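Structure assessment
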Amino acid sequence: MWKPLLACAAIALASIPLHAQAPAAGRAEAGWQALQAGDGDRAAAVFREALTRDPRDATLHFGAGVAAHLLGLETDAVQSLRRAVQLEPRLIAASALLGEIERHEGNIDAAIRTYEQALARAPGNPSLRARLDEWRHESAVHDTLEQWSDHRFSVVFDGQINRTLGKRGFDVLDAAYWRIGRAIGAYPSDRIAVTLYSERQFRDITHAPAWSGGIFDGRIRIPVKGAAQDLPQFDRVLTHELTHAMVSSLANRGVPGWLHEGLASYFEPRDAALAGRRLKALGVVIPLANLQGGFGGLGAAEAAVAYEESLVAADVLVQRLGTHTAILLEYMGKGQTFEESLSLLGVARGEFESALMRRFR
Ligand SMILES: [Zn+2]
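Residues numbered from 1 in each chain as written. Predicted model: local features only at pLDDT ≥ 70, side-chain atom pairs only at ≥ 80, totals over all residues. Heavy atoms only, no water.

1. Quick look at the packing of helix H4 (residues 58-70) against helix H6 (residues 92-104)
The interhelical angle for the contact between H4 and H6, taken along N-to-C directions, is 30°, at an axis separation of 10 Å. On the basis of their axis angle, the class for H4 and H6 is roughly parallel. Relative to H6, the crossing made by H4 is left-handed. Facing H4, whose interface residues are Phe62, Val66 and His69, H6 presents Ala93, Ala94, Leu97 and Ile101. The residue makeup of the contact of H4 with H6, split by class, is six nonpolar, one polar and no charged. (Axes fitted to C-alpha atoms, helices over the stretch in contact; angles between N-to-C directions. Helix = DSSP H or I, 4+ residues; strand = E, 2+ residues; numbered from the N terminus. Parallel < 35°, antiparallel > 145°, perpendicular 65-115°, else oblique. Left-handed = near helix turned anticlockwise from the far one by under 90°. Contact = heavy atoms within 4.5 Å. Nonpolar A, V, L, I, M, F, W, Y, C, P; charged D, E, K, R; others polar.)

2. Focus: the nonpolar core
Ile220, Leu242, Leu259, Leu328, Leu329 and Phe352 are the most contacted members of the largest nonpolar core, which has 73 residues in total. By residue number, the principal contributor to this core is helix H14 (residues 300-321), which donates 12 residues. Two domains share this core, each providing at least three of its residues, namely domain 2 (147-247) and domain 3 (257-360). Beyond its immediate sequence surroundings of up to four residues, Leu242 is in contact with Phe153, Leu173, Ala176, Tyr177, Ile180, Ile192 and Ile220. Residues Leu35, Ala64, Val66 and Ala94 belong to the second largest nonpolar core, which totals 29 residues. (Core = buried A, V, L, I, M, F, W, Y, C linked by side-chain atoms within 4.5 Å. Buried < 20%, exposed > 50% of the residue type's maximum accessible area, 1.4 Å probe, protein only. Domains from an automatic or database assignment.)

3. Comments concerning the environment of Leu344
Along the chain, the position of Leu344 falls in helix H16 (residues 338-344). Judged by relative accessible area, which is 47%, Leu344 ranks as partly exposed. In this structure the C-alpha to C-alpha distance between Leu344 and Leu128, which are 216 residues apart in sequence, comes to 44 Å. Not counting residues up to four positions away in its chain, the partners in contact with Leu344 are Tyr331 and Gln336.

4. Things to note about helix H12 (residues 257-267)
Most of H12 sits inside the fold, with 10 of its 11 residues counted as buried. Buried residues of H12: Gly257, Trp258, Leu259, His260, Glu261, Gly262, Leu263, Ala264, Ser265 and Phe267, and no others. The inward-facing, buried residues of H12 abut helix H9 (163-184), helix H11 (231-250), H14, helix H15 (325-333), H16 and helix H17 (351-360).

5. As for H9
For an α-helix the count is 3.6 residues per turn, leaving residues at separations of three or four pointing the same way. The end-to-end C-alpha distance of H9, which contains 22 residues, comes to 31 Å, matching closely the 32 Å that a straight helix rising 1.5 Å per residue would cover. By the burial criterion, the buried members of H9 are Leu165, Gly166, Gly169, Phe170, Val172, Leu173, Ala176, Tyr177, Ile180, Gly181 and Ile184. Buried residues along H9 sit against strand E1 (147-149), strand E2 (153-158), strand E3 (192-197), H11, H12 and H15. For H9, the side-chain oxygen to backbone nitrogen distance between the N-cap and Thr164 is 3.1 Å, and the N-cap itself is Asn162. Looking at the residues trailing H9, positive phi occurs at Gly185, about 90°. (Expected span 1.5 Å × (residues − 1). Polar contact = N/O pair within 3.5 Å; in protein donor to acceptor, adjacent residues only side chain to side chain.)

6. A few points about the packing of aromatic side chains
Enumeration according to the criterion identifies 16 aromatic pairs in this entry. Judged by centre distance (5.1 Å) and plane angle (70°), the ring pair of Trp32 and Phe47 falls under edge-to-face. Remark: Phe47 occurs in helix H3 (residues 40-53) and Trp32 occurs in helix H2 (residues 25-36); sequence separation between them is 15 residues. Among the residues examined, Trp32 registers a relative accessible area of 6% and is labelled buried. Note on Tyr115 and Trp135: the rings are 4.6 Å apart at their centroids and 45° apart in plane angle, and the pair reads as tilted. Note that Tyr115 is positioned in helix H7 (residues 108-121) and Trp135 in helix H8 (residues 126-144), a separation of 20 residues in sequence. The buried category is assigned to Tyr115, whose relative accessible area is 3%. Of the aromatic side chains, those joined through ring pairs into one cluster are Phe153, Phe170, Tyr177, Trp178 and Tyr187. (Phe/Tyr/Trp six-rings, centres within 6.5 Å; stacked < 30°, edge-to-face > 60°.)

In structure tokens:
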């Protein structure tokens, strides 16, 4: 399962106290509206302009930070959010998003410091407190645990170490990385971190739905069972989450949920022809437009259909694009829509949809 960090921007936005938006309200109004509408480019332009007149307004820096985050420009986002917190330490929404991004970028020590400082200003805030506790725990675990790692992957255990599984995970990642890279036409260079948890730790830390076998939220997180572990299933889940990590490296925004999940299922690998037949028998097709976000909010039955359909769609796409699949992802990461990206690769309008629909007829 892939959990877009973008959800955090929506939460941060919803939690801005109205009075905090007041000072430069007139000029920045359009920026907040653009953020609500998910238009990062427009919001960034509005806040940039407003900041030339009020360079010391914390809420404008906050807005600029959220906009940069929406655009996947995390270095800029961190810079703007740090400035916002510096100017107005009581702007808890800015600290909250800043900490999440720092942690997502792998800088857990900075994330912990940000939340400690925010809590000093808002000691009664339960969600900051809970998050901070989780991160301190994570950080302590990573400091003490044995790792299987090289320049590309690192595998650690949160809980009981299982050497066989650690080594196996490391080997599975390596083989799957090259297989996926050959198929999509790119070998992204970002380091990929994996944590293996006990089932209980996994649910506590990720809040993932009960049906999910793993999660990617910047780090791959997978529950394991020690000696009772189903090894082929472990390999599949790990490969699934690895695909999310590679797709996110190529495009850290703009990739619809169905494509993320479809590619991840495709490379597990799962049988797309079988999935197509099952969906045909069921007679259910969810419009891809309804599968744009992560699948975390879906119930088990709905998720099953969403995954099978996404798998068939990814199969159609990879068969059509082959090693140009990575280029499609990169176009989307730079802000082109799926349709625009397809047409840049010479796929005629409607060609993908008709090929997909033929699978269900
Ligand atoms: Zn997934």
